[in-house]
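# Observations on the model geometry
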Amino acid sequence: MSENLLEIKNLEKHFKLKKSIFSKVRVVRAVDNVTFSIPKNTTYAVVGESGSGKTTLGRTLLKLIEPTGGEVFISGVNILNLSNKEFMEYRRKMQIVFQDPYNSLHPKKLVKTIIGEGMKIHFKGIGEEEIRKRIKDVLEQVGLREEHMFRYPHEFSGGQRQRIAFARAIVLNPEFIVLDEPTSALDVSVQAMVLKMLKETKKDVNLTYLFITHDLSVVDYLADYVAVLYLGQIVEKGKKDDVFKKAAHPYTELLLNSNPIPDPFLNRDKIIAKGEIPSPINPPSGCRFHTRCPYVQDICKTQEPEEREIENGHIVKCHFPLI
Amino acid sequence: MEKRGNLLNVSDLHVVFYTYRGVIKALNGVELWMDKGERLGVVGETGCGKSVTSRAVMNLIEDPGKILSGSVLFEDRDILKLKESEVRKIRGNEISMIFQEPKSSLNPVMNVGFQIAEVLGKVNNKPIKSQYKPAAQMLEFVGLDSERVMTMYPHELSGGMAQRVMIAMGLAPKPKLLIADEPTSALDVTIQAQILELLDDLVEKLGNAVMLISHDMGVVAEFCNKILVMYAGNSVEYASTKTLFKNPLHPYTTGLLKAVPQIGRTDELKAITGTVPDLVDPPSGCRFHKRCPQVMDICKKERPPFIQVEDDHYVACHLWNNKESSDEQKGGESQ
């Protein structure tokens, strides 16, 4: 296995809710004791339903939200201990692409400004001419043309905007990009193009991705590793093929089974989940999934399961793993 | 006009929207038909006219939109020619609808019990007060705890619960046709599976027809027995679900199926080049011709008719138009 670019250890983000006169301080454990590492030049997918904390996880490990505990190492350096000045270099190395391309680009700025702005901050003393050339290069890399830099975001379609957002991220020569549901606002025919572009660019410029999504079929297409998040905790992680073909956690099994498959010739029994994802304010005791688990037993309600390794990096947090 | 379905026949439907940018030609001769008790999936990308079609079926196109021409035969009544008072008897009675955003379709200041009782009161022509009991039964019918939910307000419901309430309201009048406009797109996959299962059960019991509008090929493949593919305001292909997936004929359908990522799929994704056209100024001829890999000269000039190529399989494409002449040159291209 290649070396790890990113190591996340016991990362935690707890949000305190406003206290009312009648209640104690309530805490949302959005990200709770999350540990995983991302090998260099791979795509690590984080999947989960809404409210599972996947977006908070992505932002916390970029320090866009200050974590309440844990460590994030990039190439061996704990970025959470750095001063703001020292952190600048790492800010450049770690970029993010947001979900909604309609809100994440400044409507009154030219594409040139949107993409070039970061370079003026991170590459001090860079000339106008060089910026222009670099923008042209990245635009071509993401499948747009040079003349597009003199247009405004509203002149582009959703897929094109997402390409611009991606160009803005790669123009700084980052090593690592968090992709937060980059294609969920796009139509399938456009999504396919953007996914291919992401895959190819990663190979061309040696990137490492953290891919946040709720869509398992996209994960299957893009990812090398996957972690399944439920109420702020990783319930299963490992190589994508291991997790998808030999799902060990009942929640992973449920997610895979719920995903509708565009194949009318396939006959399969659907597993229907009980209830809905509980509130992260007062997560269930013991195993957090026990309220919806079809295989629940008494111990699950009281005791939190330990993480156990099934094989070679395939880790599951369950008292009774399926394999 | 020939009738192709015994419940609903939409033919040559043209709808436009007048905006400051120009006239949006949203529907350009849509053809659609359904039999009683059938489940039709209407699929297509954003802006292809799926939702406009469903609203036109109920004559719900409002300003600045206008239905220019066409007919919507529901059984043997043309909905577009009926008086508003007569359409109202059909709408919400014989045809009902559930929407994508369940929470914004419910009245935020009325509790759930009242809202369902109100629907039942209208349907049964009885005072609302007398309808609370049947309303509670309706809630049980969709798998909710009626004692608790009856007095809840929409903001207290989760997305899945709100959609169940919408389904209860939609099915309360025992409609002949239920139009479900992206009923699960705002929900998580596990909840989506629950709602589809529920809908499947109830429709089985009540025997009504369902028009399921969706952008998700997986959802329609699992729920529907017929599929209509729409592109830029046109019906481009209609077939039974199995035929459509096994033997798609229109290049757009083929492209769409190849662009959908799927678990366990090993072949590379193939994107459709270009983007969905702007319907203020749609391409001439076949609206798909600018993105079509098999484009011919005629595609740029003439709009292909929606024709039957085999039993229960219709397509609007010049490749299939002159069957005799194009058969030799195409060979096995259909796969």
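Remember, it's a predicted structure, so these values are computed and weren't measured experimentally.

### Things to note about the overall build of chain A
Within chain A, the regular secondary structure consists of 10 helices and 12 strands. The C-alpha radius of gyration of chain A comes to 21 Å, within 12% of the 20 Å expected for a compact globule of 323 residues. By the burial criterion, 46% of the 323 residues in chain A qualify as buried. Partitioning the contacts of chain A with sequence separation of at least 6, the portion at a separation of at least 24 is 66%.

### Quick notes on the interface of chain B and chain A
Tallying the contact residues gives 35 residues for chain B and 34 residues for chain A. For the side of chain B that touches chain A, the secondary-structure elements that each account for two or more residues are helix 8 (189-206), helix 9 (217-223), helix 10 (241-246) and helix 11 (251-259) of chain B. At seven residues, helix 8 of chain B tops the list of elements feeding residues into the side of chain B that touches chain A. Class assignment of the residues belonging to the side of chain B that touches chain A gives a composition of 15 nonpolar, 13 polar and seven charged.

### Here's the deal with helix 9 (residues 250-258) of chain A
Among the residues of helix 9 of chain A, those classed as buried are Pro 250, Tyr 251, Thr 252, Leu 254, Leu 255 and Ser 258 of chain A. Packed against the buried residues of helix 9 of chain A are strand 3 (43-47), helix 7 (216-222), strand 9 (225-230), strand 10 (233-239) and helix 8 (240-245) of chain A together with helix 8 of chain B.

### Overview of the pairing of strand 4 (residues 69-74) of chain A
All names here are of chain A. Strand direction decides the pairing type here: strand 1 (residues 4-16) and strand 4, joined by five bridges, are antiparallel. When the sheet's bridge partners are listed, Ile 8 is paired in strand 4 with Val 72. In this sheet, strand 5 (residues 77-78) lies alongside strand 4 in antiparallel orientation, the contact comprising two bridges. Bridge pairing in strand 5 places Phe 73 opposite Asn 78. From the end of strand 4 to the start of strand 5, which pair antiparallel, there are two residues, and Ser 75 there has a positive phi angle of about 45°.

### As for the sheet that holds strand 1 of chain A
Taken together, the four strands give an open sheet; going across it, the order is 2-1-4-5 (chain A), and neighbouring strands pair in antiparallel fashion. Every interior strand has two partners, whereas the edge strands, strand 2 (27-39) and strand 5 of chain A, have only one.

### Remarks on the nonpolar core
In terms of nonpolar packing, the biggest core is built from 190 residues, with Ala 45 and Val 228 of chain A together with Ile 116 and Ala 168 of chain B touching the most fellow members. Tallying contributions element by element places helix 7 (residues 159-171) of chain B first for this core, with eight residues.

### Quick notes on helix 5 (residues 158-170) of chain A
End to end, helix 5 of chain A covers 19 Å across 13 residues, agreeing with the expected 18 Å (1.5 Å per residue, within 8%). When you tally the buried positions in helix 5 of chain A, you get 13 out of 13 residues, the bulk of the element.

### Things to note about the environment of Lys 124 of chain A
Residue and element names in this part refer to chain A. With respect to the helices and strands, the residue Lys 124 is situated in the loop between helix 3 (111-122) and helix 4 (128-141). For Lys 124, a count of 7 C-beta atoms within 10 Å gives the class exposed. Residues Lys 124 and His 214 lie 90 residues apart in sequence; the distance between their C-alpha atoms is 39 Å.

### Comments concerning the pairing of strand 12 (residues 314-317) of chain A
Residues and elements named next belong to chain A. Across the two faces of strand 12 the burial is the same, with His 314 and Val 316 and Ile 315 and Lys 317 all buried. As judged from the two bridges shared by strand 10 and strand 12, these two strands associate in the antiparallel manner. Opposite Lys 237, over in strand 12, you have Ile 315 as the bridge partner. Bridge analysis of strand 11 (residues 307-311) against strand 12 gives four bridges, and the strand direction is antiparallel.

### Section: the packing of helix 4 (residues 112-124) of chain B against helix 5 (residues 132-141) of chain B
All names here are of chain B. Between helix 4 and helix 5, whose axes approach to 8 Å, the crossing angle comes to 110°. In terms of axis orientation, helix 4 runs roughly perpendicular to helix 5. Across from Gly 113, Ile 116, Ala 117 and Leu 120 in helix 4, the residues of helix 5 making contact are Tyr 132, Pro 134, Ala 135, Met 138 and Leu 139. Of the residues that constitute the contact of helix 4 with helix 5, the class distribution is eight nonpolar, one polar and no charged.

### Comments concerning the packing of helix 4 of chain B against helix 7 of chain B
Residues and elements named next belong to chain B. In the contact formed by helix 4 and helix 7, the axes pass within 9 Å of each other and the chain directions differ by 20°. Relative to helix 7, helix 4 is oriented roughly parallel. Remark: the crossing between helix 4 and helix 7 carries right-handed chirality. Along the contact surface, helix 4 presents Val 112, Gln 115, Ile 116 and Val 119, while helix 7 presents Val 165, Ala 168 and Met 169. Class assignment for the residues of the contact of helix 4 with helix 7 results in six nonpolar, one polar and no charged.

### Topic: the sheet that holds strand 5 (residues 77-78) of chain B
All names here are of chain B. Within the open sheet, the four strands sit side by side as 2-1-4-5. Their pairing is antiparallel. Two strands in the sheet have a free side with no partner beyond their single neighbour: strand 2 (22-34) and strand 5. As defined by bridge partners, strand 1 (residues 8-19) adjoins strand 4 (residues 65-74) across eight bridges and the pair is classed as antiparallel. When the sheet's bridge partners are listed, Val 16 is paired in strand 4 with Lys 66. Helix 1 (residues 50-57) contacts strand 1, strand 2 and strand 4 of the sheet and is inclined by roughly 70° relative to strand 2.

What counts and how
- Residues numbered from 1 in each chain as written.
- Chains lettered and ligands numbered in written order.
- Predicted model: local features only at pLDDT ≥ 70, side-chain atom pairs only at ≥ 80, totals over all residues.
- Helix = DSSP H or I, 4+ residues; strand = E, 2+ residues; numbered from the N terminus.
- Rg over C-alpha atoms; globule rule 2.2 N^0.38 Å.
- Buried ≥ 20, exposed ≤ 12 C-beta atoms within 10 Å, placed from the backbone.
- Contact = placed C-beta atoms within 7 Å.
- Nonpolar A, V, L, I, M, F, W, Y, C, P; charged D, E, K, R; others polar.
- Pairing = 2+ DSSP bridges.
- Core = buried A, V, L, I, M, F, W, Y, C linked by C-beta atoms within 7 Å.
- Expected span 1.5 Å × (residues − 1).
- Axes fitted to C-alpha atoms, helices over the stretch in contact; angles between N-to-C directions.
- Parallel < 35°, antiparallel > 145°, perpendicular 65-115°, else oblique.
- Left-handed = near helix turned anticlockwise from the far one by under 90°.

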